Amino acid sequence: MSRSLIQRISPFFIARIKQNHKLLRSSYYSSSSSALHEASSESPSPSLDDIHMTDNCIKRMKELRASEESTKEKMLRLSVETGGCSGFQYVFDLDDKINSDDRVFEREGVKFVVDDISYDFVKGATVDYVEELIRSAFQVTTNPSAVGGCSCKSSFMVKQ
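This one's a predicted model, so the numbers in the text were calculated from it and none came from an experiment. (Residues numbered from 1 in each chain as written. Predicted model: local features only at pLDDT ≥ 70, side-chain atom pairs only at ≥ 80, totals over all residues. Heavy atoms only, no water.)

Some remarks on unusual backbone geometry
With phi around 55°, E108 is a residue other than glycine that occupies positive phi space. Relative to the assigned elements, E108 resides in the loop between β5 (102-107) and β6 (110-115). Classification of E108 by relative accessible area gives partly exposed; the value is 43%. (Helix = DSSP H or I, 4+ residues; strand = E, 2+ residues; numbered from the N terminus. Buried < 20%, exposed > 50% of the residue type's maximum accessible area, 1.4 Å probe, protein only.)

Below is the structure:
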């Protein structure tokens, strides 16, 4: 019984993954945005497309940087990958380098980095640091590019 169920739903998942991969690739090739975009807290009028960090996010990043023994300054990196229960998933990492295709957003000395492909999926999003009973993590709490997602807020569906 379970084998036949797997055989029936496998083509659906394969097709969904291929569709998401096409969306990511087409987004990359159609992106005509600049290679490096600096947005800082000194900017008089922040853009609606900027990635916003909450006070909790800033506070946690400062705590992480203070506890690091490294001399290199760590930045929070967000990338979007295919997968998750809704089609795309958010991936957070601490990074110490900026690539040529990155966009850098800064607030109160904390830098947030997003590559150009992922940026198209998270324009105008808000990133928070959330502490819950079962986990503590960085999360995208609002994303204007998403139409839905899972309850754990680690994956989402994009507007078509």
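So that's the structure; there's more coming.
Regarding the sheet that holds strand β2 (residues 52-53)
The three strands are arranged β2-β7-β8 in an open sheet whose pairing can be described as mixed. Strand pairing shows two members of the sheet lacking a second neighbour, β2 and β8 (136-142), which therefore form its edges. Strand direction decides the pairing type here: strand β7 (residues 126-131) and β8, joined by six bridges, are antiparallel. Residue pairing in the sheet places T126 in a bridge with T142 of β8. Sitting on the sheet, helix α2 (residues 55-67) touches β2, β7 and β8, and the angle it makes with β7 is about 70°. (Pairing = 2+ DSSP bridges. Contact = heavy atoms within 4.5 Å. Axes fitted to C-alpha atoms, helices over the stretch in contact; angles between N-to-C directions.)

Describing the packing of aromatic side chains
Evaluation of the coordinates by the stated rule reveals six aromatic pairs. A centroid spacing of 5.0 Å and a plane angle of 35° characterise the contact between F88 and F121, whose relative ring orientation is tilted. Taken as a pair, F88 in strand β4 (residues 88-95) and F121 in helix α3 (residues 116-122) lie far apart in primary sequence, 33 residues in all. The same class applies to F88 and to F121, which are both buried. By way of ring pairs, the aromatic residues F88, Y90, F121 and F156 are connected into one cluster. (Phe/Tyr/Trp six-rings, centres within 6.5 Å; stacked < 30°, edge-to-face > 60°.)

Remarks on the confidence of the model for the protein
Mean pLDDT over the protein stands at 78; residues scoring 70 or higher make up 66%. Counted against residues more than four places away or in other chains, residues 29-45, with its pLDDT under 50, gives 27 contacts. (pLDDT = per-residue confidence, 0-100.)

Focus: the nonpolar core
Counting 25 residues, the largest nonpolar core has I51, F112 and V122 as its most contacted members. Elements represented by at least two residues in this core include exactly α2, β3 (75-82), β4, β6, α3, β7, β8 and β10 (155-158). For this core, the leading source of residues is α2, giving four residues. Aside from chain neighbours lying at most four places away, what touches I51 is F105, F112, V114, Y119, V122, K123, G124, A125 and V127. (Core = buried A, V, L, I, M, F, W, Y, C linked by side-chain atoms within 4.5 Å.)

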